Amino acid sequence: MKLDILLGLQWGDEGKGKVVDVLTPHYDVIARFQGGPNAGHSLEFNGIKHVLHIIPSGIFHPDKINIIGNGVVIDPVTFKKEIEALEKMGLHPTENLFISKKAHLILPTHKWIDAMLEAQKGEEKIGSTLKGIGPTYTDKIARNGFRVCNITAPDFLDKFAVIFKQHTDLLIKNAYQLQDDMTTVFTEWFDALQTILRFKLIDNEYEINDYLKAGKKVLAEGAQGTLLDIDFGSYPFVTSSTTVAAGACTGLGVAPNQTGRVIGIVKAYCTRVGSGPFPTELLDETGELLRTQGHEFGSTTGRARRCGWLDLVALKYAIMINGVTEMVLTKADVMDNFETIKICTEYQIGKETTDRFPAEIDTEITPVYKEFKGWKENLSLEKYYENLPQAFKEYVAFIEKETGVAIRMISTGPDRSQTIIRA
Ligand code: GDP
Ligand code: IMO
Ligand code: MG
């Protein structure tokens, strides 16, 4: 068996959580490969919405294994809260959730450094979720990080003391006001480590390769989106991990030649939280309509998401980088009442037009649009693709023709059941 990969093709919040939940019955194992509590993956069933941050979106299926891979950064306190919420629902996550020994831990000081660095950037701030993601990955790359396997090591407290001193020295040097309740915060953090220790800690690279060899189906769940990737996103307004398909290999320990389908999630329009370039952003009432109709407010921070038209330049770029084999289109239902819908097909930069995503994405870009007639029907009432309105099918056909990739599934609402699978 090959590892399938599911990831976002835009700036995150494409609906990955919902789609993973829908696909989980077809897999044996769901494994997160990067990111951390900056992610907010929502899924809905029986009229209740759940938001996951660190835990894979397959967790609501008790018969499926879920894995937090080595590429993920874990905030023990957030993790503990997520586990408590699941246990309150009657689930037993200690039975079907395993954690990589190599995953890195977010310390409270990482969050403070995140806040300090953002404050120093002033107007140029990234709009980070301030969950400590950047500083934790920085420590990882600097070979300074604190891993899950360190928790049970005999030199745990010595290692902790070294990192703690480095962090507080940096914060004090930058005149960052250390929190008065530091002892309480760290007590809570240490206490939450005990929750991590309730779980099976694994060598995920062996575990996952063994599953694949045994013919089990494994789905890698990405967080954030391609345009937030550390290398290929709209740098520096990105996150600090490899969000693209290649990240599933390094974030889980699976070789590139052991990967299979790459399922790209694409929202029918674009959204972005935080700062950074967004060529098709709509600062008018249409943008506002997308935001209100689509409930585009962050699942992690509650911030209003910036909204704009679908961007095919960026989408084709994302498809190329990830080797997307099929797409899932989400949230087209948000535009059910729109008279007209636009898709950006090219960028005009100066006098030139291009269909390539530039390295300096913050240059002055004017999107070139193709306009479509709205379908003006309630998509979520349909169960079969054949019955969907013609105008919608034409819109789908155009995206498929332009990208050369089939849209295999259409999500027409937040609930599990609001999903159309095409033959
Ligand atoms: P993720 O980070 O990619 O998992 O996406 P989020 O959960 O942050 O944001 C997607 C939002 O849209 C959530 O509130 C979902 O419940 C909701 N959602 C997902 N798919 C659809 C859809 O097809 N239609 C509508 N209307 N909402 C959806
Ligand atoms: P999911 O998995 C949308 C954005 C932040 C900020 C930038 C860097 O739910 O799609 P960070 O906290 O990583 O330092 O923030 O990335 N960002 C996301 N935007 N969805 C996410 O995750 C995001 N995770 C980070 O808003 O602009
Ligand atoms: Mg999200």
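As shown above, the structure is provided for reference.
Residues numbered from 1 in each chain as written. Chains lettered and ligands numbered in written order. Predicted model: local features only at pLDDT ≥ 70, side-chain atom pairs only at ≥ 80, totals over all residues. Heavy atoms only, no water.

A.B. asks: Pulling in residues and values, what's your account of the site of ligand 2?
C.D. replies: Taken together, the neighbourhood of ligand 2 is formed by 20 residues, with Lys16, His41, Thr129, Gln224 and Thr239 sitting nearest. Here an oxygen atom of ligand 2 sits 3.0 Å away from a polar atom, N or O, in the side chain of serine 128. Contact between ligand 2 and threonine 239: an oxygen atom at 2.6 Å from a side-chain N or O atom of the residue. In isolation ligand 2 has 540 Å² of accessible area, and contact with the protein removes 97% of it. Here the shell around ligand 2 is composed, by residue class, of seven nonpolar, ten polar and three charged. (Near = heavy atom within 4 Å. Polar contact = N/O pair within 3.5 Å; in protein donor to acceptor, adjacent residues only side chain to side chain. Areas by Shrake-Rupley, 256 points an atom, 1.4 Å probe, with all protein chains shown as cover. Nonpolar A, V, L, I, M, F, W, Y, C, P; charged D, E, K, R; others polar.)

A.B. asks: If you had to explain the packing of aromatic side chains to someone new, which residues and values would you point to?
C.D. replies: Any aromatic ring pair is given by two values, namely how distant the centres are and how the planes are angled relative to each other. Taken as a whole and assessed by the stated rule, the structure comprises 22 aromatic pairs. Taking 5.6 Å as the distance between ring centres and 45° as the angle between the ring planes, the aromatic pair formed by phenylalanine 146 and phenylalanine 156 counts as tilted. Of the two residues, phenylalanine 146 sits in the loop between helix H5 (133-141) and helix H6 (156-173) while phenylalanine 156 sits in helix H6, which places them ten residues apart along the sequence. With respect to burial, phenylalanine 146 and phenylalanine 156 carry one shared label: buried. (Phe/Tyr/Trp six-rings, centres within 6.5 Å; stacked < 30°, edge-to-face > 60°. Helix = DSSP H or I, 4+ residues; strand = E, 2+ residues; numbered from the N terminus. Buried < 20%, exposed > 50% of the residue type's maximum accessible area, 1.4 Å probe, protein only.)

A.B. asks: Talk me through the coordination of the magnesium ion (ligand 3); I want residue IDs and the actual numbers.
C.D. replies: Coordination of the magnesium ion (ligand 3) by the protein is provided by Asp13 (OD) and Gly40 (O), with metal-donor distances spanning 2.0 to 2.2 Å. Of this pair, aspartate 13 sits in the loop between strand S1 (3-8) and helix H1 (16-23) while glycine 40 is found in the loop between strand S2 (29-32) and strand S3 (41-45), placing the two residues 27 residues apart along the sequence. (Donors = N, O, S within 2.8 Å, 3.2 Å for Na, K, Ca; no water.)

A.B. asks: Run through the nonpolar core, naming residues and quoting values.
C.D. replies: Across soluble globular proteins, nonpolar side chains show a tendency to be buried alongside one another. By size, the foremost hydrophobic cluster in this structure holds 56 residues, and its most contacted members are Met327, Leu329, Met335, Phe392 and Tyr395. Looking at this core element by element, the count peaks at five residues for helix H12 (residues 390-403). Other than its neighbours up to four places away in sequence, tyrosine 395 contacts Ala268, Leu310, Leu329, Met335, Ile341, Ile343, Phe372 and Trp375. Listed in part, the 38 residues of the second largest apolar core include Val148, Phe156, Phe186 and Leu193. (Core = buried A, V, L, I, M, F, W, Y, C linked by side-chain atoms within 4.5 Å. Contact = heavy atoms within 4.5 Å.)

A.B. asks: An account of the site of ligand 1 is needed here, citing residue identities and associated values.
C.D. replies: Looking at ligand 1, there are 19 residues lining it, with Lys16, Gly40, Ser42, Asp333 and Ser411 nearest. Separating an oxygen atom of ligand 1 from a backbone N or O atom of lysine 16 is a distance of 2.7 Å. With respect to ligand 1, the side chain of serine 299 contributes an N or O atom lying 2.8 Å from an oxygen atom. Protein coverage of the free-state accessible area of ligand 1, which is 580 Å², stands at 95%. The leading source of residues in the shell around ligand 1 is H1, at three residues.

A.B. asks: Tell me about the packing of helix H11 (residues 312-322) against H12, and please be specific about residues and values.
C.D. replies: Helix packing for two helices is described by the angle between their axes and how far apart those axes are. Relative orientation of the contacting elements H11 and H12 amounts to 55°, with a least axis distance of 10 Å. Looking at the two axes, H11 sits oblique to H12. Handedness of the crossing formed by H11 with H12: right-handed. Only Phe398, Ile399, Glu402 and Thr403 of H12 make contact with H11, whose side of the interface consists of Leu312, Leu315, Lys316 and Ile319. (Axes fitted to C-alpha atoms, helices over the stretch in contact; angles between N-to-C directions. Parallel < 35°, antiparallel > 145°, perpendicular 65-115°, else oblique. Left-handed = near helix turned anticlockwise from the far one by under 90°.)

A.B. asks: Give a description of the pattern of salt bridges that names residues and reports values.
C.D. replies: Inspection of the entire model under this criterion finds 22 salt bridges. One salt bridge connects arginine 422 with glutamate 400, and the closest N-O pair in it is separated by 2.9 Å. Here arginine 422, found in the segment after strand S19 (419-421), pairs with glutamate 400, found in helix H12; they are 22 residues apart in sequence, far enough to count as distant. Ionic pairing is found between lysine 401 and glutamate 402, a salt bridge with its closest N-O pair at 3.8 Å. Of the residues examined, lysine 401 reaches a relative accessible area of 63% and is grouped as exposed. Beyond isolated ion pairs, a larger network of salt bridges with shared partners links Asp13, Lys267, Glu296, Arg305 and Lys331. (Salt bridge = Lys/Arg side-chain N within 4 Å of Asp/Glu carboxyl O.)

A.B. asks: Break down the packing of helix H4 (residues 108-121) against H6 for me, with residues and values.
C.D. replies: Running from N to C, H4 and H6 cross one another at 25°; their axes reach a closest spacing of 10 Å. By the criterion of interaxial angle, the relationship of H4 to H6 is roughly parallel. For H4 against H6, the interelement crossing comes out left-handed. In this structure, H4 contributes Thr109, His110, Trp112, Ile113 and Met116 to the contact, and H6 contributes Phe164, His167, Thr168, Leu170 and Leu171. The residue inventory of the contact of H4 with H6, partitioned by class, reads six nonpolar, four polar and no charged.

A.B. asks: Can you tell me about a negative patch on the surface, naming the residues and giving the values?
C.D. replies: A cluster of acidic residues, Glu123, Glu124, Glu360 and Asp362, forms a negative patch on the protein surface. Look at aspartate 362 and you get exposed, because its relative accessible area is 53%. (Patch = residues over 30% accessible without salt bridge, like charges linked within 9 Å, V, L, I, M, F, W, Y side chains within 5 Å. Lys, Arg positive; Asp, Glu negative; His and termini not counted. Charge placed at Lys NZ, Arg CZ, Asp CG, Glu CD.)

A.B. asks: Got a sec to walk through unusual backbone geometry? Specific residues and values, please.
C.D. replies: Cis peptide bonds are those with omega within 30 degrees of zero, and the linkage from tyrosine 235 to proline 236 qualifies with 0°. Even without being glycine, glutamine 224 reaches a positive phi, approximately 55°. Within the element layout of this structure, glutamine 224 appears in the loop between strand S10 (218-221) and helix H9 (245-252). A positive phi angle, close to 45°, is found at histidine 295, a residue other than glycine. Within the element layout of this structure, histidine 295 appears in the loop between helix H10 (285-293) and strand S13 (306-311). Since its relative accessible area comes to 61%, histidine 295 is described here as exposed.

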